[in-house]
Structures are given as structure tokens and as C-alpha cells.
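Tertiary structure, described
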Amino acid sequence: MANYKYGFIGAGRMATALACGLVEAKLATPAEIVASDPSEAGRAAFAEQVAGCTVETNNTKVSTSSATVVLAVKPQAMTAVLAGLGETAANGPLFVSIAAGVTLEKLEAGLGGDARVVRVMPNTPCLVGRGASGYAGGSRATADDLKRVADLLEAVGIALELPEHLLDAVTGLSGSGPAFVYTMIEALSDGGVLAGLPRNVAHQLAVQTVLGAAQMVATTGQHPAELRDAVTSPGGTTIAGLEALEQGGMRAAVVAAVKAATSRSRELGQQ
Ligand SMILES: NC(=O)c1ccc[n+]([C@@H]2O[C@H](COP(=O)([O-])OP(=O)(O)OC[C@H]3O[C@@H](n4cnc5c(N)ncnc54)[C@H](OP(=O)(O)O)[C@@H]3O)[C@@H](O)[C@H]2O)c1
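Here the structure is a predicted model, which means the values were calculated and not measured.

1. Here we look at the overall build of the protein chain
Along the backbone of the protein chain there are 12 helices and eight strands. Every one of the 271 residues in the protein chain was classed for burial, and the buried ones make up 37%. Here the contacts in the protein chain between residues at least 6 apart in sequence split such that 61% fall between residues at least 24 apart. Per element, the accessible surface of the protein chain, about 14,600 Å² overall, is 59% carbon and sulfur. Positive and negative side-chain charges in the protein chain, numbering 19 and 24 respectively, have mean positions lying 1 Å apart.

2. Quick word on the pattern of salt bridges
If you walk through the whole model with that rule in mind, you get six salt bridges. Measuring nitrogen to oxygen at the nearest pair gives 2.8 Å for the salt bridge that ties Arg199 to Asp190. You can call Asp190 partly exposed: its relative accessible area is 36%. Of the charged contacts, one joins Arg251 and Glu246 as a salt bridge, the two residues approaching to 3.0 Å between their closest N and O atoms.

3. Details of the environment of Leu227
Following the sequence through the fold, Leu227 ends up in helix H10 (residues 224–230). In this view, Leu227 contacts Met216, Val217, Thr220 and Gln222; residues no more than four positions away in its chain are not counted.

4. A closer look at the domain arrangement of the protein chain
Under the domain assignment used here, the protein chain contains domain 1 (4–163) and domain 2 (175–270). Centre-to-centre, using C-alpha coordinates, domain 1 lies 33 Å away from domain 2. On the domain 2 side, the residues contacting the seven residues of domain 1 number four residues. Interface area, domain 1 with domain 2, both sides summed: about 330 Å², of which 55% is carbon and sulfur. On the domain 1 side of the interface with domain 2, the three residues burying the most area are Gly101, Asn123 and Thr124, jointly 54% of the side's total. One can count zero salt bridges joining domain 1 with domain 2. Here the side of domain 1 that touches domain 2 is built from residues that sort into three nonpolar, three polar and one charged.

5. With respect to the site of the ligand
Of all residues adjacent to the ligand, which total 22 residues, the nearest are Met14, Asp37, Asn59, Val73 and Thr124. Taking Met14, its main chain carries an N or O atom lying 2.8 Å from an oxygen atom of the ligand. In the environment of the ligand, an oxygen atom lies 3.1 Å from a nitrogen or oxygen atom belonging to the backbone of Ala100. Those elements that place two or more of their residues in the shell around the ligand are helix H1 (13–24) and helix H4 (75–85). Split by residue class, the shell around the ligand holds 12 nonpolar, seven polar and three charged.

6. What about the environment of Pro30?
Along the polypeptide, Pro30 turns up in the loop between H1 and strand E2 (33–36). As for Pro30 and Phe180, which are separated by 150 residues in sequence, their C-alpha atoms are 35 Å apart. In contact with Pro30, other than residues within four places in its own chain, are Val23, Val50, Ala51, Gly52 and Cys53.

7. Re the sheet that holds strand E4 (residues 66–71)
In space, the eight strands of this open sheet follow the order E3-E2-E1-E4-E5-E6-E7-E8, with mixed pairing throughout. Strands with a single pairing partner mark the edges of an open sheet, and in this sheet they are strand E3 (54–56) and strand E8 (157–161). Strand after strand, the sheet turns through a mean of 25° between neighbouring axes, direction not considered. As defined by bridge partners, E4 adjoins strand E5 (residues 94–97) across four bridges and the pair is classed as parallel.

Rules behind the numbers
- Residues numbered from 1 in each chain as written.
- Predicted model: local features only at pLDDT ≥ 70, side-chain atom pairs only at ≥ 80, totals over all residues.
- Heavy atoms only, no water.
- Helix = DSSP H or I, 4+ residues; strand = E, 2+ residues; numbered from the N terminus.
- Buried < 20%, exposed > 50% of the residue type's maximum accessible area, 1.4 Å probe, protein only.
- Contact = heavy atoms within 4.5 Å.
- Areas by Shrake-Rupley, 256 points an atom, 1.4 Å probe, with all protein chains shown as cover.
- Lys, Arg positive; Asp, Glu negative; His and termini not counted.
- Charge placed at Lys NZ, Arg CZ, Asp CG, Glu CD.
- Salt bridge = Lys/Arg side-chain N within 4 Å of Asp/Glu carboxyl O.
- Domains from an automatic or database assignment.
- Buried area = accessible area lost by both parts, 1.4 Å probe.
- Nonpolar A, V, L, I, M, F, W, Y, C, P; charged D, E, K, R; others polar.
- Near = heavy atom within 4 Å.
- Polar contact = N/O pair within 3.5 Å; in protein donor to acceptor, adjacent residues only side chain to side chain.
- Pairing = 2+ DSSP bridges.
- Axes fitted to C-alpha atoms, helices over the stretch in contact; angles between N-to-C directions.

Following this line, the structure appears as C-alpha cells:
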């Protein structure tokens, strides 16, 4: 019987966000969470955010005492971390990796034994409870394991189960997408400044416009083109702006950005 419901190996930003999500969603109490990290500052920050949890320096203690073990270290650290856990892998915890680009094959081989593994591609908005994640089960992951991972990820956003080969596309869209949208927000704000608004006013309006537009699509369920048509009056201001966007190739540039990020994810995964 595991002492903890959830163990985190690596107590950094993503681990903290997921643990806080679990507590907020009442999927675990802080007393049911443990995390290990070599960095004292990392452990202290995690313990402060998840007040009442246990922190550790020993990864093996986490993996042998938790029902679900979230591998939340950087991809470069993963091989060494897995090698250190090798002997404990067959003891039964579900391993959930959130490391970008580390394949199920590598995770299963690194853990050895009969480890049950799920690979997740999350994104940074998990840190504010608005994440968009894709996940894929390994060869021994059960339906219950996938449900457990969906619950964990849905505590900090939305989560979609996909075949593993699509996780590169998830990386290209929702993994890298926040950076594309930040660029859009910055450009909207620049446009406002060019049109005469003070920077702080332009920034606030740009942020709220992107939040509001996304919320409109999510809440109404209408196609973005339908919503766009509804605000585009004949000979009006919006159609003048849309013409400029088409001339600038905005739509093609965004499609190409997702495609380029997906290809890069594939390349990095093969290294
Ligand atoms: N942030 C995102 O939006 C995002 C999105 C998608 C995927 N991911 C993935 O999520 C993972 C974590 O990202 P993050 O942003 O949370 O990184 P992070 O804040 O740097 O957290 C990683 C933590 O792991 C610790 N660590 C390093 N070696 C370790 C070891 N051997 N055993 C235990 N802990 C160890 C690090 O300590 P030190 O600081 O002392 O090295 C650090 O505290 C990465 O694999 C990343 O690819 C993140």
C-alpha cells in the first residue's frame, strides 16, 4: 500500500502547478503528496506552495512510496533519473512523464521491469490552471491509469488522449502555441501604441481582447469564422483590418509556425 497518492520527481514549476491543481480539485490532500528534488530552494518553494506535503532528496523513496509518480525533470536529466529508479519500477506505481520529447519506448526501457507508463505533453498555462495537454499510454498502461492521468491534468486545464505519434503535433500547437499568442498580444499592443494609445492601456486592451475572443469561441461553441463574420460589417473597420492581416499572410504564417514547431519536436525526439 503506497503512503502517498502522488509523488513528484523534480519539484519545479510544472510539478508545483500540478500538485496545487490536485489539492484544489480535492484529488489529494497535501499529506498525500511527496516530492523529491536535489535543489533546496526547489524543495522549499514546493513545500511552501503545497503546505503540508512532504519533500525529499531521495527519488527512490518517492517512487517506492507513491501510487502515481510524476516524472517532472528536464528531458536532459531523465536518463539518469530513470536509471536511479530501475530497481523499484516493478513495484507497481504508475509513472507519468511530462518531459518534452522523451518517448514511451525510452521511458519503458529506462524504467525496466513491468513499469506502467503514461507520457504527457503539457503546456505552461497549466501554471495558471488553463493548460492544454495531450497524453498517450504506454504498452502496459491500463484504462484506470489513463483515467488517473486525465484527472491529474484536468485539475489544471483540459487533457486529450491521443496516439503517441501525435504528441509532436501537440507540442507544435499547444506546447509552443502560447509563445505564438504572446507574439500576437505584443503585436496588438504595438498596433494600439501606433494608433495613439499609451502603452499600458494598449497592453491591457490587447490581453483582454485575446482572453475575451478565446472565451467567446469556447463558450458559444461557434466556429471562429462565424464569430468573425458577426463583427465584420460591410465597409467597416474590421474588414479593413482583416484585409491588412491577409496581405501580411498572418493565417499562413501561423499554420507554418505550428508546422515548423512540430517538425522540430520530431527532430529533437530522434536525438
Ligand atoms: N514548463 C512548461 O511549460 C512545460 C511544458 C511542457 C513540458 N514541460 C516539461 O516539464 C518538465 C519540467 O519542467 P519545469 O518547467 O517544471 O522545469 P523546472 O522548473 O526546471 O523543474 C525541474 C526540477 O527538477 C529538478 N531536478 C533536476 N535533476 C533532478 C534529479 N536527478 N532528481 C530530481 N529532481 C531533479 C530540478 O532541480 P535543479 O533546478 O536543481 O536542476 C528542478 O527543480 C520538463 O521535462 C519539461 O520538458 C514543461
